[in-house]
Amino acid sequence: MLFQWAAWNMQALAKGWFLYELTKSPFLLGLMGASMGIPMFAFSFFGGALADRLDKRGLLLWGTLGQGLTMLAVAVLVTTGAIVWWHLLVASSVQGVLFALTIPARQSAVPQLVSRGQLMNAVSLNTAGMNVAGLVAPALAGFLVAVIDVSGVYWIITICFIFSGIIMVRLPHLPPSSNGHTNKLTRDMAEGLRHVRADAVLLLLLALSFVSVAFGMPLNTLLPVFTEDVLKVGPAGLGLLLSMAGVGALVGSVAIASMGDFRRKGLALLVLTFLWGGSVMLFTATRLYPLALLLMVPVGIGQAGRNVLVNTLMLTRAPEEARGRVISLSMMTWGLQPLGLLPIGAAAETIGAPMAVAIGGGIVAVLGLGMLLFSPRLRRLE
């Protein structure tokens, strides 16, 4: 996964910076996020049902191949000068579909590889790997854009997916937990929804995840606006900002892993949600690049720590035979991100990106604080 996380982080910087260079439109940056998020929402639950029915290794291999071919097509278009802005949106949509079909398999495979007592450590380790890539890859991509142009970066991204596929062949087979799923796929999907509807805590976790992702993540998508128009530091500066968020995310995930199977995970989740939203608000208020770099650290801590704890709590509460479907609902909350991203991107066109993103961060902070004070069921989760 390290090669895939590196590729995803490099292309997140490359496509965001390149699209803004082509169009100078914050709204199109938001639309690009939506072009990935909407397919994620539409196909995640289907991907979860597939993860509960099929060998997960096969799903991961085919998804990696699809990602590599998509990036190869973009690399060829950029290199030949045939690229136009909507090509990036199409590629982002294809990635959204592939992401939706494979991530539930990756998440639900973890309990098949470790014991229940090691689950949170394993989720944290996986997140730490993602954040190591998030620390190194954006800064490297920002530097490489200046040296070998964005076309060279896309060729490196393609190579990363190829290496990931080669390594993934060595995974053991990861068959479905239950024996066969003889029901129709649609009936399996309906059964997964019933599991979640019957558990009020899972519903609360999904609501928390949706609102915090929808209104906290637009900062990541709109960062090119800050680096070009507010901080004026260019693609290398954008890479360093993303890398500092990676530093924070790595610190957060490693710290949680080092705590083992600790109690009061719900309390930690709500505190980290508040930290994430508050840090986003503070970031939007600064015009000093060194301070902006420092503020991206708590942004990363809050974002990654919240992600680890939500995934761990959902995996431990989900029935073994329905883990893929339950975790896919968590992934669907990422697909609903455009419900926050599109209005915030549109607002950035009129009131400016700092104010628009600050409003989103404020919503996340208020949500975390409100649940911390008024939701004892979530606060006491272990």
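Predicted model, so just to flag it, every value in this text is computed and none were measured.

Reading the values: rules and limits
- Residues numbered from 1 in each chain as written.
- Predicted model: local features only at pLDDT ≥ 70, side-chain atom pairs only at ≥ 80, totals over all residues.
- Heavy atoms only, no water.
- Helix = DSSP H or I, 4+ residues; strand = E, 2+ residues; numbered from the N terminus.
- Rg over C-alpha atoms; globule rule 2.2 N^0.38 Å.
- Buried < 20%, exposed > 50% of the residue type's maximum accessible area, 1.4 Å probe, protein only.
- Contact = heavy atoms within 4.5 Å.
- Areas by Shrake-Rupley, 256 points an atom, 1.4 Å probe, with all protein chains shown as cover.
- Lys, Arg positive; Asp, Glu negative; His and termini not counted.
- Charge placed at Lys NZ, Arg CZ, Asp CG, Glu CD.
- 1 Å grid on protein atoms, 1.4 Å probe; cavity = no way out; pocket = protein on both sides within 12 Å on 5 of 7 lines; lining within 4 Å.
- Points joined across faces, edges and corners; volume = space filled by probe spheres on them.
- Nonpolar A, V, L, I, M, F, W, Y, C, P; charged D, E, K, R; others polar.
- Salt bridge = Lys/Arg side-chain N within 4 Å of Asp/Glu carboxyl O.
- Expected span 1.5 Å × (residues − 1).
- Phe/Tyr/Trp six-rings, centres within 6.5 Å; stacked < 30°, edge-to-face > 60°.
- Core = buried A, V, L, I, M, F, W, Y, C linked by side-chain atoms within 4.5 Å.
- Patch = residues over 30% accessible without salt bridge, like charges linked within 9 Å, V, L, I, M, F, W, Y side chains within 5 Å.
- Polar contact = N/O pair within 3.5 Å; in protein donor to acceptor, adjacent residues only side chain to side chain.

Asker: Break down the overall build of the protein for me, citing the residues and quoting the values.
Answerer: Within the protein, the secondary structure is distributed over 15 helices and zero strands. Taken over C-alpha atoms, the radius of gyration comes to 20 Å for the protein, in line with the 21 Å a tight globule of 382 residues would show. In terms of principal-axis extent, the alpha carbons of the protein reach across some 55 × 45 × 35 Å. Relative to its 382 residues, the protein shows a buried fraction of 58%. For the protein, the proportion of contacts with a sequence separation of at least 24, taken over those separated by at least 6, is 86%. Only carbon and sulfur atoms are counted for the fraction: they give 71% of the accessible area of the protein, which is about 15,000 Å². The average position of the 24 basic charges and that of the 14 acidic charges among the side chains of the protein differ by 7 Å.

Asker: Break down the layout of surface pockets for me, with residues and values.
Answerer: Its boundaries defined by the atoms lining it, the largest pocket holds a volume of some 530 Å³. M1, R106, L113, N126 and L171 are, among the 20 residues lining the largest pocket, the residues nearest its centre. Contributions of two or more residues to the lining of the largest pocket are made by α1 (2–23), α4 (85–113) and α5 (119–168). At eight residues, α5 tops the list of elements feeding residues into the lining of the largest pocket. A per-class count over the lining of the largest pocket returns 16 nonpolar, three polar and one charged.

Asker: Describe the side chain of K15, and please don't skip the residues or the numbers.
Answerer: Looking at where K15 falls in the secondary structure, it is placed in helix α1. Of the side chains with opposite charge, E21 lies nearest to the buried K15, which makes no salt bridge, at 17 Å. Not counting the four nearest positions on each side in its chain, K15 is found in contact with M32, M36, L88, S92, Q95 and Y154.

Asker: Hey, could you go over α1 for me, with residue numbers and the actual values?
Answerer: Relative to the 32 Å expected for 22 residues at 1.5 Å per residue, α1 spans 32 Å between its end C-alpha atoms, a close match to the ideal helical length. Positive phi appears at K24, one or two residues downstream of α1, with a value of about 55 degrees.

Asker: Got a sec to walk through the packing of aromatic side chains? Specific residues and values, please.
Answerer: Counted according to the given criterion, the structure contains five aromatic pairs. Measuring from centroid to centroid gives 5.3 Å for W8 and F99, while their planes differ by 70 degrees, and the two rings are edge-to-face. Of the two residues, W8 is situated in helix α1 and F99 in helix α4; the sequence distance between them amounts to 91 residues. Aromatic ring contacts, followed pair by pair, group W5, W8, F99 and F161 into a single cluster.

Asker: An account of the nonpolar core is needed here, citing residue identities and associated values.
Answerer: If you look at the biggest cluster of nonpolar residues, it comprises 67 residues, and the most contacted ones within it are Y154, L219, L223, L241 and F283. By residue number, the principal contributor to this core is α5, which donates twelve residues. Residues contacting F283, with those up to four places away along its chain left out, are L219, L223, F226, L231, L241, A292, L295 and M296. Within the second largest apolar cluster, 36 residues are counted, among which are V196, V310, M314 and L381.

Asker: Got a sec to walk through empty space enclosed by the protein? Specific residues and values, please.
Answerer: For the structure shown, the criterion picks out three cavities of 30 Å³ or more. If you add up the space inside the second largest cavity, you get close to 70 Å³. In terms of lining, the second largest cavity is formed by M1, Q4, W8, L60, G63, T64, Q67, T102, I103 and R106. Of all the secondary structure elements, the ones that give two or more residues to the lining of the second largest cavity are α1, α3 (56–80) and α4. The biggest single contributor to the lining of the second largest cavity is α3, with four residues. Across the lining of the second largest cavity, the residue classes break down as four nonpolar, five polar and one charged.

Asker: I'd love a proper account of a nonpolar patch on the surface, names of residues and values included.
Answerer: On the surface, L2, V132, V136, L140, F143, V147 and I148 cluster together into a nonpolar patch covering about 610 Å² of accessible area. Looking at the nonpolar patch, the element that brings in the most residues is α5, giving six residues. Relative to the elements of secondary structure, V132 occurs in helix α5. V132 sits in the partly exposed class, given a relative accessible area of 35%.

Asker: Can you tell me about the side chain of S25, naming the residues and giving the values?
Answerer: In this fold, S25 is placed in the loop between α1 and α2 (26–53). A polar side-chain atom of S25 sits 3.1 Å from the main-chain amide nitrogen of L28.

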